[in-house]
Amino acid sequence: MLFKYYIKIYKIYTNRIIMYIVIFLSTIILSEANFSNLNTNNSVKFDKLELQIENIKNNHASKISLKSEWLEECKCVITSDCLPKTNDTSIDIRIVTKPDTCPTGMIWCCSDPTIENPLLTCGKISPQNIEGIKIQPDQANFGEFPWQALILTISNSFVSNGALINKKYVLSTAHFLITYSKNISALKIRLGEWDIYRNIEPFPHIERSISSMTIHPDYISSNLHNDIVVIMLSEPVITSTYISPICLPYNMLNFEVMQFNKCRVSGWGTENFERPQYPGILKKVNVPLWSQDRCVENLRTTRLGSKFQLHEGFICAGGEEHEDACTGDGGSPLVCEHDSVTILIGLVSWGIGCGTASVPGVYVDVSKYLPWIENTITTMI
C-alpha cells in the first residue's frame with residue numbers, strides 16, 4: 001500500500017511539473033508573438049490628426065541666432081558648368097548663405113570635392129509598377145515621389161508630411177509640429193512609404209529619429225505666417241530609386257508662375273473635408289499655380305473677406321473642383337517641372353475647404369525661405 005501511495009504522489013508532482021513547463025513555454029511563445037506584432041505592424045493611424053487640428057496653440061518659436069560660414073571658393077556660373085563631366089563631384093553647389101547677385105540663368109556654384117552635387121541627385125524619379133496592383137489615375141506609382149516624407153509618432157500616429165531636400169534634412173510646415181517642439185523624441189520620419197496600411201512595396205521603407213528641429217522664429221499660429229520647419233535626421237539616408245531628395249528652387253526668387261509646368265501635390269490626405277477618409281496608397285493631383293494678385297482676388301470672395309491680405313511667404317495653386325490637397329496633406333510637397341528638373345515649389349499649408357472651384361489652396365512659398373533654410377542647416381550641422 002505504501003508503495004502505491006508513493007507512486008500516486010510521484011505522478012501528481014510529475015503532472016504538475018509538466019503543466020508548469022507547458023505554461024512557461026506558452027508564455028514565452030506569446031510574448032515573442034506580441035513583440036513581433038509590435039515591430040511589424042507599421043500601418044499608419046490617423047487617430048491624432050483631428051486632435052492636433054483642435055489643439056493648435058498660439059505658441060511662438062524662440063528666436064534663434066543665424067550664422068553662416070564660407071567653406072569653399074564659390075562663383076556664379078551657368079548650370080552646365082557646375083555639373084562635372086564625370087561623377088567626381090569636382091565642383092558643387094554648397095548649401096551656405098550666398099549673395100543674391102547671380103545674373104539670370106546662372107547659379108551660385110562652389111568647389112568642394114567632399115560635397116555631393118545636389119543637381120546630380122535631386123528631383124529624379126523612377127516610378128515602378130507593382131505586379132497585381134492596379135493603379136488608379138489619382139494614385140502615384142511606387143517611387144514616383146521619392147522625396148515624400150511621413151512624420152509620425154513613435155506609435156505610428158500621423159502628425160504631418162514633409163519633403164526630403166538632401167540626405168539628412170526634411171522640410172515641413174510648422175502648424176502641427178509646433179506641439180512637439182520640446183518633445184521631438186516622440187516623433188520619427190518615415191521615407192520610402194507608399195501604401196500606409198499594407199506592406200506590399202517591393203522595397204521596405206526606412207525610418208529615422210529626429211536629431212533636431214528648427215521652426216521659423218517668426219511663425220504665427222493664428223494666421224500660419226512663416227509656416228515652415230527644418231528637420232535634421234538622426235543619420236543620413238542612403239538614396240535609391242525610391243528614396244531621394246527634391247531640388248530646391250535656387251535662383252528662382254522672382255520666378256513667374258508661367259515658367260513651370262506639370263505641378264503636382266502628393267499625400268495621403270482625405271478628399272472630403274467634412275467626411276474624411278484617408279487613402280492607403282499615396283495619391284497625387286495636378287494643380288496649376290496662381291499669380292499672387294489672382295489668388296488674393298479669389299480668396300477675398302470667401303469668408304476671409306474683402307480686406308484679406310496674403311502674406312508674402314505664401315503661394316497659391318489649385319482652384320479646380322475636386323482637385324486639391326486637403327486634411328492630412330499638411331506639409332506635403334508641391335513640385336513642378338522646369339527645364340526637365342523637378343523642383344520643390346511649396347508645402348501644403350492651409351485652404352478654405354477642399355476642392356472648391358475657383359478657390360485655390362495656399363502653400364508655403366519655399367523660394368522665399370531659401371536664405372533662412374540655408375542658414376538654419378548651417379547652424380544645425
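Before reading on, note that the structure itself is shown above.
Residues numbered from 1 in each chain as written. Predicted model: local features only at pLDDT ≥ 70, side-chain atom pairs only at ≥ 80, totals over all residues. Heavy atoms only, no water.

(A) Expanded view of the sheet that holds strand S3 (residues 148–153). Judged by pairing direction, the barrel is antiparallel, and its 6 strands sit side by side in the order S3-S4-S5-S8-S7-S6 before closing back on the first. The mean inter-strand angle of the sheet, taken between neighbouring strand axes irrespective of direction, is 40 degrees. Packed onto the sheet, helix H7 (residues 370–380) meets strand S4 (158–166), strand S5 (169–172), strand S7 (206–215) and strand S8 (229–233) and runs at close to 35 degrees relative to S8. (Pairing = 2+ DSSP bridges. Helix = DSSP H or I, 4+ residues; strand = E, 2+ residues; numbered from the N terminus. Axes fitted to C-alpha atoms, helices over the stretch in contact; angles between N-to-C directions. Contact = heavy atoms within 4.5 Å.)

(B) Inspection of unusual backbone geometry at higher detail. The residue Asn156 is not glycine, and still its phi comes out positive at about 75 degrees. By secondary structure assignment, the location of Asn156 is in the loop between S3 and S4. For Asn156, a relative accessible area of 6% gives the class buried. Backbone geometry at Ser358 places phi at a positive 70 degrees, although glycine is not the residue there. Note that Ser358 resides in the loop between strand S14 (341–350) and strand S15 (360–365). (Buried < 20%, exposed > 50% of the residue type's maximum accessible area, 1.4 Å probe, protein only.)

(C) Quick peek at the state of the cysteines. Tallied over the entire structure, the rule returns 3 disulfides. Across the disulfide, Cys122 is cross-linked to Cys247 (sulfur-sulfur distance 1.9 Å). Between Cys122 and Cys247, the S-S torsion sits near 90 degrees, and that sign places the bridge as right-handed. Note that Cys122 is positioned in the loop between helix H4 (118–121) and S3 and Cys247 in the loop between S8 and strand S9 (261–267), a separation of 125 residues in sequence. Note on accessibility: Cys122 and Cys247 belong to one class, buried. Covalent S-S linkage joins Cys295 and Cys316, the inter-sulfur distance amounting to 1.8 Å. Of note, the bridge from Cys295 to Cys316 carries an S-S torsion of about -55 degrees and is left-handed in sense. Here Cys295 is found in helix H6 (residues 292–299), whereas its partner Cys316 is found in strand S12 (residues 314–318), with 21 residues between them in sequence. Since its relative accessible area comes to 0%, Cys295 is described here as buried. Residue classification places Cys316 among the buried positions, given a relative accessible area of 0%. (Disulfide = S-S within 2.5 Å.)

(D) Quick peek at H6. Restricting attention to buried positions, one finds in H6 the residues Cys295, Val296, Asn298 and Leu299. Each buried residue of H6 lies within a common arc of 170 degrees when the element is viewed along its axis, so the set occupies one face. Opposite its buried face, H6 presents the exposed residues Asp293 and Glu297, each directed more than 90 degrees away. Looking at the buried residues of H6, the elements they touch are strand S11 (289–290), S12, S14 and S15. (Arc of directions from axis to C-beta.)

(E) Representation of the pairing of S14 within the structure. The element S14 is largely enclosed, with a buried count of 9 among its 10 residues. Two strands pair when backbone bridges link them, and strand S13 (residues 333–338) and S14 are joined in this way by 6 bridges, in the antiparallel orientation. Bridge pairing in S14 links Val335 to Leu344. Hairpin connection of S13 to S14: 2 residues between the antiparallel strands, including Asp339 at a positive phi of 55 degrees. Strand direction decides the pairing type here: S14 and S15, joined by 4 bridges, are antiparallel. Bridge pairing in S15 places Gly346 opposite Asp365.

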